[in-house]
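What follows is the residue order along each chain.
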Amino acid sequence: MDDPMTPRHIASFDPRTVPDPALAQELQRVQRGIGAATDGASLRQASRDIQALVHRVVEQMPAAELLTRIISTLNDALTQRVIAISSVDTQLDMVRWCWISLGSEGRQEQTLSSDQDNGIVFSGSGPADGLREMLLPLACRINETLDACGFPLCRGQIMASNPQWCLSLDEWRDRFTQWIIEGDPQALLNASIFLTCAPFTAPILWPTSWRTGWR
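Novice: Just to check I follow, could you spell out the overall build of the protein for this structure?
Specialist: The secondary structure content of the protein amounts to 8 helices and 4 strands. In sequence order, the protein lays out its α and β elements as α-α-α-β-α-β-α-β-α-α-β-α. Relative to its 215 residues, the protein shows a buried fraction of 47%. The contacts of the protein with a sequence gap of at least 6 include a subset with a gap of at least 24, amounting to 74%. Of the roughly 10,400 Å² that the protein leaves accessible, carbon and sulfur atoms contribute 53%.

Encoded structure:
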């Protein structure tokens, strides 16, 4: 079985490109803090460090593109760490799964006020409903931890803990096809949100296997 925690889509930003050496060092310090986080308290501290750094960047380098890149890099790293810590001791040997980011997160256009937009695509032996029931408690734990780290829960419930956004490979194909066929505003909105998706885990499910047949 492939390691479900292998990162595939993490925004990157080279601190050496920051013109202010002190700010570059602070960015590296925050990145190290994220990587060293081991529990909820240290994750929340890493989130506070990100916010403090971003406010400092706003004051010194107001360029929007640079700012969003830094935010996306740090938020992606924090999200990856949340997923890894939340998945410790989780018994999911029967299922391969991939956490996907959607919306502004998938496009790497996050701000400090961006809420969560995410989902799960999974594959495994057994009925999809049974595999989904195994994944939903983990998805809920990840969503709640992200919320505690400053990523608000999505008011529209576009989150992996919602069974409608935690689907098998075949279910995602069918759901996307249905959205396109229906063609109403809500269906097209859902399709457009989904098309921005980017994976955080399980490279075996990304990108060719589960987009086959959609083109």
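Novice: What should I look at first to understand the pairing of strand β2 (residues 118-124) in this one?
Specialist: Residues in a regular strand project their side chains so that they alternate between the two faces of the sheet. Within β2, 6 of the 7 residues are buried, leaving the element largely enclosed by the surrounding structure. Direction of pairing for strand β1 (residues 95-101) relative to β2: antiparallel, over a ladder of 7 bridges. Bridged to Arg 96 within β2 is Ser 123. Of the strand pairs in this sheet, β2 and strand β3 (residues 166-168) are connected by 3 bridges, and their pairing is parallel. Residue pairing for β3: Val 121 is matched across the bridge by Leu 167.

Novice: It is not clear to me how the pattern of salt bridges should be interpreted in this structure. Could you clarify?
Specialist: Side-chain pairing between opposite charges can occur once the charged atoms of the two side chains come close. Taken as a whole and assessed by the stated rule, the structure comprises 5 salt bridges. A salt bridge links Glu 26 to Arg 29; the nearest nitrogen and oxygen atoms lie 2.7 Å apart. Residue Glu 26 and its partner Arg 29 are located together in helix α1 (residues 21-36), separated by 3 residues, close to a single helical turn. Of the residues examined, Glu 26 reaches a relative accessible area of 22% and is grouped as partly exposed. A residue is classified by how much of its surface remains accessible, and Arg 29, at 37% relative accessible area, is partly exposed. The residue Asp 49 makes a salt bridge to Arg 29 at a minimum N-O spacing of 4.0 Å. Here Asp 49, found in helix α2 (residues 40-60), pairs with Arg 29, found in helix α1; they are 20 residues apart in sequence, far enough to count as distant. A cluster of three or more residues bridged by salt bridges with shared partners is formed by Glu 26, Arg 29 and Asp 49.

Novice: For this particular structure, what's the right way to read unusual backbone geometry?
Specialist: It is generally the case that most residues other than glycine have a negative phi and that most peptide bonds are trans. Positive phi outside glycine occurs at Asp 89, with the angle close to 65°. Position of Asp 89 among the secondary structure elements: in the loop between α3 (64-86) and β1. We classify Asp 89 as exposed; its relative accessible area is 69%. Despite not being glycine, Gln 157 shows a phi value in the positive range, around 65°.

Novice: Looking at this model, I keep getting lost on the packing of α1 against α2. Mind explaining?
Specialist: Packed helices, taken two at a time, are described by their axes: the angle between them and the distance between them. Two elements in contact, α1 and α2, have axes separated by 10 Å at closest approach and are oriented at 160°. Accordingly, the angle class assigned to the pair α1 and α2 is roughly antiparallel. Here α1 and α2 pass one another in a crossing that is left-handed. Facing Ala 22, Leu 23, Glu 26, Leu 27, Arg 29, Val 30 and Ile 34 of α1, the residues of α2 in contact are Ala 46, Asp 49, Ile 50, Leu 53, Arg 56, Val 57 and Gln 60. The residue inventory of the contact of α1 with α2, partitioned by class, reads 9 nonpolar, 1 polar and 4 charged.

Novice: What's the story with the packing of aromatic side chains in this structure? I'm lost.
Specialist: Counting across every chain of the model gives 2 aromatic pairs. Through a chain of ring-to-ring contacts, three or more aromatic side chains come together here, namely Trp 165, Trp 172 and Trp 179.

About the criteria used
Residues numbered from 1 in each chain as written. Predicted model: local features only at pLDDT ≥ 70, side-chain atom pairs only at ≥ 80, totals over all residues. Heavy atoms only, no water. Helix = DSSP H or I, 4+ residues; strand = E, 2+ residues; numbered from the N terminus. Buried < 20%, exposed > 50% of the residue type's maximum accessible area, 1.4 Å probe, protein only. Contact = heavy atoms within 4.5 Å. Areas by Shrake-Rupley, 256 points an atom, 1.4 Å probe, with all protein chains shown as cover. Pairing = 2+ DSSP bridges. Salt bridge = Lys/Arg side-chain N within 4 Å of Asp/Glu carboxyl O. Axes fitted to C-alpha atoms, helices over the stretch in contact; angles between N-to-C directions. Parallel < 35°, antiparallel > 145°, perpendicular 65-115°, else oblique. Left-handed = near helix turned anticlockwise from the far one by under 90°. Nonpolar A, V, L, I, M, F, W, Y, C, P; charged D, E, K, R; others polar. Phe/Tyr/Trp six-rings, centres within 6.5 Å; stacked < 30°, edge-to-face > 60°.

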